Amino acid sequence: MTNLPFLSTKDLTIGYREKSGDDILSANINFELTPGELVCLIGPNGAGKSTLIRTIAGLQPALSGTVTLMEQELSSYTPHQIAQMVSLVLTNPVNVPNMTAFDLVSLGRHPFTNWLGQISNDDRRIITEALAATGASHFTNREISHLSDGERQKIMIARALAQQPKVMILDEPTAFLDFPNRIDILAMLRKLANNHQQAVLL
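The paragraphs below set out a description of the structure included in this document.

Cut-offs used in this document
Each chain carries its own residue numbering, running from 1 in the direction its sequence is written. Side-chain atom pairs in this predicted model are given and counted only at pLDDT of 80 or more, local residue features only at pLDDT of at least 70, and totals for whole chains, interfaces and linings cover all residues. Note that the side-chain values use all heavy atoms of the structure and ignore hydrogens as well as water. Here an angle of 0 to 180 degrees is reported between the N-to-C directions of two axes, which are lines fitted to C-alpha atoms, with helices fitted over the stretch in contact. Only DSSP runs of H or I covering at least 4 residues are called helices, and only runs of E covering at least 2 are called strands; the numbering of each starts at the N terminus. With respect to orientation, any angle under 35 degrees is reported as roughly parallel, any angle over 145 as roughly antiparallel, any angle of 65 to 115 as roughly perpendicular, and every other angle as oblique. Working rule for handedness: look at the near helix, and if it is turned counterclockwise from the far one by less than a right angle, call the crossing left-handed; if clockwise, right-handed. Contacts between residues were defined by any pair of non-hydrogen atoms, one from each residue, lying within 4.5 Å. Exposure is judged per residue with a 1.4 Å probe applied to protein chains only, and the accessible area is read against the type maximum: over 50% gives exposed, under 20% gives buried, and values in between give partly exposed. Every case where a carboxyl oxygen of Asp or Glu lies within 4 Å of a side-chain nitrogen of Lys or Arg is listed as a salt bridge. Expected span of a helix: the number of residues minus one, times 1.5 Å.

**Points about the packing of helix α4 (residues 121–133) against helix α5 (residues 149–162)**
Relative orientation of the contacting elements α4 and α5 amounts to 135 degrees, with a least axis distance of 8 Å. With respect to α5, the element α4 is oriented oblique. You can see that α4 and α5 cross each other, and the crossing is right-handed. Counted together, I126, A130, L131 and A133 of α4 and I155, A158, L161 and A162 of α5 form the full contact between these two elements.

Next up, the structure:
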């Protein structure tokens, strides 16, 4: 088992480029995410937490500094390559009509499917295992619109897990949940990080 970080930053500055100059939210950010580790990023609203997550997920360029993924600069990867190593769960709850939990979790396999997006028997096994790992197997054939917020969040985490990522990034995954569900989700993420030797940032 390697102790090398899956993801790291060096002197990272995040924010937005404006015509009037850079709007810097945070500068000189240095950290590492290692296998089996869960890291919780805490700070006040407007501190740049979501911007940091978008930056290290490759959705937004850094103002300066570097993000390294699997010992290679993030900027050297294509979006498709990043999707095979990094999964992302955003804040807003998902409510897609006529889509089952299995259908939603299967989206996690799309970075690995052929150009038609067809899933193989191996993909189906991975999807089923992701549902089981998040305690959501009994939701498999239920429509997303019929699930509670806590149940939907488990399905979104299962979708991210089905990508088999090295790094799982979650932006306020418990924002719309009550206290018992928050505890349940956090405990589940800690277990997933340990059991799957992934690096988890939330």
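**Some details on unusual backbone geometry**
Look at D11: it is not a glycine, yet its phi comes out positive at around 50 degrees. Within the element layout of this structure, D11 appears in strand β1 (residues 7–18). Look at D11 and you get partly exposed, because its relative accessible area is 39%. At N28, a residue that is not glycine, the phi angle is positive and equals roughly 55 degrees. Summarising the element assignment, N28 is placed in strand β2 (residues 21–33). When its relative accessible area of 57% is taken as the criterion, N28 is described as exposed.

**So, the pattern of salt bridges**
Inspection of the entire model under this criterion finds five salt bridges. Between R109 and D123 there is a salt bridge, and its shortest N-O distance comes to 2.9 Å. With a gap of 14 residues between them, R109 in the loop between α3 (101–106) and α4 and D123 in helix α4 connect regions that are remote in the sequence. Between D184 and K154 there is a salt bridge, with its nearest N and O atoms 3.1 Å apart. One end of the pair, D184, is in helix α6 (residues 179–196); the other, K154, is in helix α5, with 30 residues separating them in the sequence. The partly exposed category is assigned to D184, whose relative accessible area is 33%.

**Comments concerning α4**
Look at α4: 18 Å from first C-alpha to last across 13 residues, which is about the 18 Å you get at 1.5 Å a residue. Where α4 is buried, its residues meet α3 and α5. Two residues or fewer past α4, G135 is found with a positive phi of approximately 70 degrees.

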